[in-house]
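Each chain, written out:
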Amino acid sequence: MNLPAPFIAAFRVGLFSFIIVGSVFLTFHATKDKIADNKHQALLHSLQAVLSQDHYDNDLATDVIQLQTYTIYRAKKAGRYTAAILTSTTARGYNGDISLLIGISIDGKITGVRVLNHNETPGLGDKIDIKKSNWVLAFNQKSIRDMSSVQWAVKRDGGLFDQFTGATITPRAIVNEVKKAGLFFQQNQQIIFQ
Amino acid sequence: MATNANTIIRNGLWKNNQALVALLGLCPLLAVSNTVINSLGLGIATTLTLVLSNGLVSSLRSYILPEIRLPLFVLMIAGIVTIIELTMSAWFYQLYLTLGIFIPLIVTNCAIIGRAEVFASKNRILPSLLDGLAMGLGFSFALLLLGAFRELLGAGTLFSQADLLFGESAKNWQINIFDDYSGILLALLPPGAFIALGLLIALKNAFATQ
C-alpha cells in the first residue's frame, strides 16, 4: 500500500504524540500519590513553623476552612480549638504579591509569621524571608488585642516594628497585612472555630 | 561530519559554547544566574535534558521525516522535561522546590532544540549523547561563571543557600568574601545579568583571538 507522503507524515506525528503523551501519562500516574504526599508534608512543615507543637494534636493540614479571602487551618488539642493559621496575600509589597502564613492562638497572640512567596528586591526587601533575617520573628507573642492600632506599624509610621534601611514598603506591607489578618481573626473567631 | 569525540567536547565546552558563542538559551541563563547555587541547579537540569533529548532524537532519527522534524523535536523535549519535573517532584522534592521554577524554563532553551536539529538528528546515538553532555557542561560553565560574578558583586558571598541543593549539612558552605559588604544591587537585577554576560563574552573572545 502506498500512501501519499502527507498521510505518512501525519501518521508519524500521531504515533509520536501517542507514545510521548502516553509516557507522560504513565509517569504522572506513577508519581501522583508520592507528589501529593510530598505536598502534604511540605504544607505541614510550613504550618509547624508558625505554630509550636504543644498547640495541637490533630492533622493541621486537613482541618481547613475557607472564609472570605483567607484559607484557615485550625489547630485542635484534646478536642478543643486552640489556634488558627491564616494564609493571606498582600499586593502592597514593592514587587508583586507576598503570601504569608500567620498563626494566631485563641487568646489573640501571634504564634508565628512566615513569608511563603515573594519577589522583593534581593538584599533589601527580602529580609522578610526567614532564610535571610530574623525580622519576621518580631511578630511572635505580639497580641492582637492588647496592642493598640498605632503600635501595629513600622517605626517610621510610629509603630513597634523595624523597617529595613532602604526598604520600608516591604515590611510595612507585611505589618499591615498581619494586623489586618489579626483583626479579621478577632472579629470572626466565632465563625472560624464553630 | 564532526563525530570525533575530541571535536565534540571542544565544540561543546569552548568553540561553540551555547551560551557564549551561539548565544542560545539566554532566557533561563539571564533569569537564574544570580547565585552560584541557582546556576548550578539550572546547569544540572539543562545538561540532563540535553543528554536525554539528544539521545532520544538520535535513536529515533530514522523515523523522523524531515518535514515534520520540528514539531516532533518540540514534542519530545516537552515530554522529557515534563517527565523530569514529575520524577523530581516525587523523589527529590527538596531539590524540586528549588529547581522547580527553572525546569519549565528549560523548554524555552533553544539550545536544546538547536542540538537536536544540528547534531542529534544526523548522528549516531553515542556521539549524540556526548554532544549533549559537552554542550550541557559548556552551558553550565558559563552559568556558573555568571552566577559567581553576580553573587560576588551583588551580595559579597559565594555558595549562599547551598542547603537548597545539598541538604542541611551544606548550610555553612557560604563564603563571605567581604565583611560588612552592602552589595551592588545592580548585579543581582536583570540589567546586571546582561552586563555580566557581555563582559564574559568579551573575555571569551579575548582568549579566543590570542
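Conventions we followed
- Residues numbered from 1 in each chain as written.
- Chains lettered and ligands numbered in written order.
- Predicted model: local features only at pLDDT ≥ 70, side-chain atom pairs only at ≥ 80, totals over all residues.
- Heavy atoms only, no water.
- Helix = DSSP H or I, 4+ residues; strand = E, 2+ residues; numbered from the N terminus.
- Contact = heavy atoms within 4.5 Å.
- Axes fitted to C-alpha atoms, helices over the stretch in contact; angles between N-to-C directions.
- Parallel < 35°, antiparallel > 145°, perpendicular 65-115°, else oblique.
- Left-handed = near helix turned anticlockwise from the far one by under 90°.
- Nonpolar A, V, L, I, M, F, W, Y, C, P; charged D, E, K, R; others polar.
- Buried < 20%, exposed > 50% of the residue type's maximum accessible area, 1.4 Å probe, protein only.
- Pairing = 2+ DSSP bridges.
- Disulfide = S-S within 2.5 Å.
- Core = buried A, V, L, I, M, F, W, Y, C linked by side-chain atoms within 4.5 Å.
- Salt bridge = Lys/Arg side-chain N within 4 Å of Asp/Glu carboxyl O.
- pLDDT = per-residue confidence, 0-100.
- Expected span 1.5 Å × (residues − 1).
- Arc of directions from axis to C-beta.

1. Thoughts on the environment of Ile83 of chain B
Along the chain, Ile83 of chain B falls in helix H4 (residues 69-91). The residues touching Ile83 of chain B, leaving out its near neighbours within four places in the chain, are Ser23, Val24 and Thr27 of chain A.

2. Concerning the packing of helix H3 (residues 36-59) of chain B against helix H7 (residues 110-118) of chain B
All names here are of chain B. It is the contact of H3 with H7, at a shortest axis distance of 9 Å, that shows an interaxial angle of 30°. By the angle between their directions, the pair H3 and H7 is classed as roughly parallel. Along this stretch, H3 crosses H7, giving a crossing that reads as right-handed. Between H3 and H7, the contacting residues are Thr49, Leu50, Ser53, Asn54 and Val57 on the first element and Ala111, Ile112, Arg115 and Ala116 on the second. A class-by-class count of the residues in the contact of H3 with H7 yields five nonpolar, three polar and one charged.

3. Here's the deal with the pairing of strand E4 (residues 98-105) of chain A
All names here are of chain A. Most of E4 is tucked away, with eight of its eight residues classed as buried. Sheet topology note: the strand E3 (residues 80-90)/E4 ladder contains eight bridges and is antiparallel. Its bridge partner lying in E4, Ile85 is registered against Gly103. Two strands pair when backbone bridges link them, and E4 and strand E5 (residues 110-117) are joined in this way by six bridges, in the antiparallel orientation. If you follow Leu100 over to E5, its bridge partner there is Val115. What sits between E4 and E5 in their antiparallel hairpin is a turn of four residues, with Gly108 showing a positive phi close to 85°.

4. Describing the state of the cysteines
All names here are of chain B. One pass over the full model with this rule turns up zero disulfides over all chains. Cysteine Cys27 shares no disulfide, and the gap to the nearest cysteine sulfur, in Cys110, comes to 8.8 Å. You can call Cys110 partly exposed: its relative accessible area is 37%.

5. Section: the nonpolar core
Side chains that are nonpolar tend, in soluble globular proteins, to be buried together. The biggest cluster of nonpolar side chains holds 35 residues, and the ones touching the most others in it are Leu20, Leu29, Leu42, Met88, Ile106, Leu146 and Leu197 of chain B. Elements supplying a minimum of two residues to this core: helix H2 (26-32), H3, H4, helix H5 (93-99), helix H6 (103-107), helix H8 (125-155) and helix H11 (190-209) of chain B. The contact partners of Ile106 of chain B, leaving out residues within four places of it in the chain, are Leu42, Ala45, Thr46, Thr49, Val81 and Ile112 of chain B. Counting 32 residues, the second largest nonpolar core, distinct from the first, contains Leu100, Phe161, Val175 and Ile192 of chain A.

6. Notes on the sheet that holds E3 of chain A
Across a sheet, paired strands are connected by hydrogen bonds in the backbone, their directions being either parallel or antiparallel. Residue and element names in this part refer to chain A. The five strands are arranged E1-E2-E3-E4-E5 in an open sheet whose pairing can be described as antiparallel. Only two strands of the sheet have a single partner each, and these edge strands are strand E1 (64-67) and E5. Ignoring strand direction, the axes of neighbouring strands in this sheet form an average angle of 25°. Helix-sheet contacts for helix H1 (residues 5-50) involve strand E2 (70-77), E3, E4 and E5, and the interaxial angle to E5 is about 140°. Lying over the sheet, helix H2 (residues 169-192) contacts E1, E2, E3, E4 and E5, oriented at roughly 45° with respect to E4.

7. So, the pattern of salt bridges
All names here are of chain A. Applying the stated criterion across every chain, the model contains seven salt bridges over all chains. With its nearest N and O atoms 3.1 Å apart, the salt bridge here joins Arg74 to Asp63. With a gap of eleven residues between them, Arg74 in strand E2 and Asp63 in the loop between H1 and E1 connect regions that are remote in the sequence. By relative accessible area, Arg74 is classed as buried at 10%. Given a relative accessible area of 14%, Asp63 falls into the buried group.

8. As for the confidence of the model for chain B
Residues at a pLDDT of 70 or more form 96% of chain B, whose mean pLDDT is 85. Interface confidence in the predicted complex, given as ipTM, is 0.74; pTM for the same model is 0.75.

9. Focus on H11 of chain B
Because each turn of an α-helix spans 3.6 residues, side chains separated by three or four positions in sequence point in the same direction. Residues and elements named next belong to chain B. The terminal C-alpha atoms of H11, which comprises 20 residues, lie 29 Å apart, in line with the 28 Å expected from a rise of 1.5 Å per residue. Of all the positions in H11, only Gly192, Ala193, Ala196, Leu197, Leu200, Ile201 and Lys204 are classed as buried. The arc enclosing the buried residues of H11, seen along the axis, measures out at 165°, which places them on a common side. Turned more than 90 degrees from where H11 packs its buried face, Phe194 and Thr209 sit exposed. Contacts made by the buried residues of H11 are with helix H1 (5-15), H2, H8 and helix H10 (185-188).

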